[in-house]
Amino acid sequence: MIKRKNGRPKNEEVAVTLEVTGAEQKLLAYLDDLQKMQGFGNSMSAIARGFIWKEVNRLIESGRLKQR
């Protein structure tokens, strides 16, 4: 693991872009509202990623998905 100056290890995971098409204007408006409220993420994609992880974790806990 490579350490940075501040002691945090560098994230070595490969990131991929996930494009979501067909999002309704109402959903985009809600994501925009959450971004303005702060505390949910700094961007729409960060907020959406947080909600996706929350649901994935719920499905793992309920046994509907296997943990990886």
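Look up a bit, the structure's there.
Remember, predicted model here, so these are calculated numbers, not experimental data. (Residues numbered from 1 in each chain as written. Predicted model: local features only at pLDDT ≥ 70, side-chain atom pairs only at ≥ 80, totals over all residues. Heavy atoms only, no water.)

Draft legend 1. Quick peek at the pattern of salt bridges. The final tally for this structure, using the stated rule, is two salt bridges. A salt bridge links Lys36 to Asp32, with the shortest nitrogen-to-oxygen separation between them at 3.1 Å. In this pair, Lys36 and Asp32 both sit in helix H1 (residues 25–37), four residues apart, roughly one turn of the helix. For Lys36, a relative accessible area of 61% corresponds to the exposed category. Look at Asp32 and you get partly exposed, because its relative accessible area is 25%. (Salt bridge = Lys/Arg side-chain N within 4 Å of Asp/Glu carboxyl O. Helix = DSSP H or I, 4+ residues; strand = E, 2+ residues; numbered from the N terminus. Buried < 20%, exposed > 50% of the residue type's maximum accessible area, 1.4 Å probe, protein only.)

Draft legend 2. How the structure looks around a nonpolar patch on the surface. Judged by side-chain polarity, Met37, Phe40 and Phe51 come together as a nonpolar surface patch covering roughly 320 Å² of accessible area. Among the secondary structure elements, Phe40 is positioned in the loop between H1 and helix H2 (44–61). (Patch = residues over 30% accessible without salt bridge, like charges linked within 9 Å, V, L, I, M, F, W, Y side chains within 5 Å. Areas by Shrake-Rupley, 256 points an atom, 1.4 Å probe, with all protein chains shown as cover.)

Draft legend 3. Quick look at H2. For H2, which comprises 18 residues, the first-to-last C-alpha distance of 26 Å matches the rise-based estimate of 26 Å (1.5 Å per residue) to within 8%. Just past H2, the residue Gly63 takes up positive phi, approximately 85 degrees. (Expected span 1.5 Å × (residues − 1).)

The quantities given are spatial measurements derived from coordinates; they are silent on function.
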